[in-house]
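Understanding the architecture of this molecule
Residues per chain are reported as follows:
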Amino acid sequence: QVQLVESGGGLVQPGGSLRLSCAASGSRFSINAMGWFRQAPGNERELVATITLGGSTNYADSVKGRFTISRDNAKNTVYLQMNSLKPEDTAVYYCAAAIATMFTNWGQGTQVTVSS
């Protein structure tokens, strides 16, 4: 079982930036992919960005050009740099890890609120 601890959420004005971090621990195996998902009230959880062990990235269309996912494999930590934030980015952001191909390990989530 992988433990994931997120940090970095908070309140920011539209156009501002935040950086989320997620540290993974407890895995007996190498973590293949890590990612960020988000869930706004009344909506389903959706993919934000993912990154593989080799560094390949994938982004939701809604965040391309504004968000950047990165990973420090030595520290088993994944980051999400969020720039030009919009009110519609407001959600609980969840870190996830995949040992194989599916994301089966989840963090508790961190709230991101974009509001003036």
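We now turn to the structure provided with this report. (Residues numbered from 1 in each chain as written. Predicted model: local features only at pLDDT ≥ 70, side-chain atom pairs only at ≥ 80, totals over all residues. Heavy atoms only, no water.)

**Re the pairing of strand S5 (residues 46-52)**
- Where strand S4 (residues 33-39) meets S5, six bridges bridge the pair, whose relative direction is antiparallel. Note that in S5 the partner of Gly35 across the bridge is Thr50.
- Hairpin connection, S4 to S5: the antiparallel pair is bridged by six residues, and Gly42 has positive phi, about 80 degrees.
- The hairpin turn running from S5 into strand S6 (residues 57-59), its antiparallel successor, is four residues long, and Gly55 in that turn takes a positive phi close to 100 degrees. (Pairing = 2+ DSSP bridges. Helix = DSSP H or I, 4+ residues; strand = E, 2+ residues; numbered from the N terminus.)

**A look at unusual backbone geometry**
- If you check the backbone angles, Asn76 has positive phi at about 50 degrees while not being a glycine.
- Along the chain, the position of Asn76 falls in the loop between strand S7 (67-72) and strand S8 (77-82).
- A positive phi angle, close to 50 degrees, is found at Ser84, a residue other than glycine.
- Structurally, Ser84 can be placed in the loop between S8 and strand S9 (91-98).
- The class for Ser84 is partly exposed, based on a relative accessible area of 40%. (Buried < 20%, exposed > 50% of the residue type's maximum accessible area, 1.4 Å probe, protein only.)

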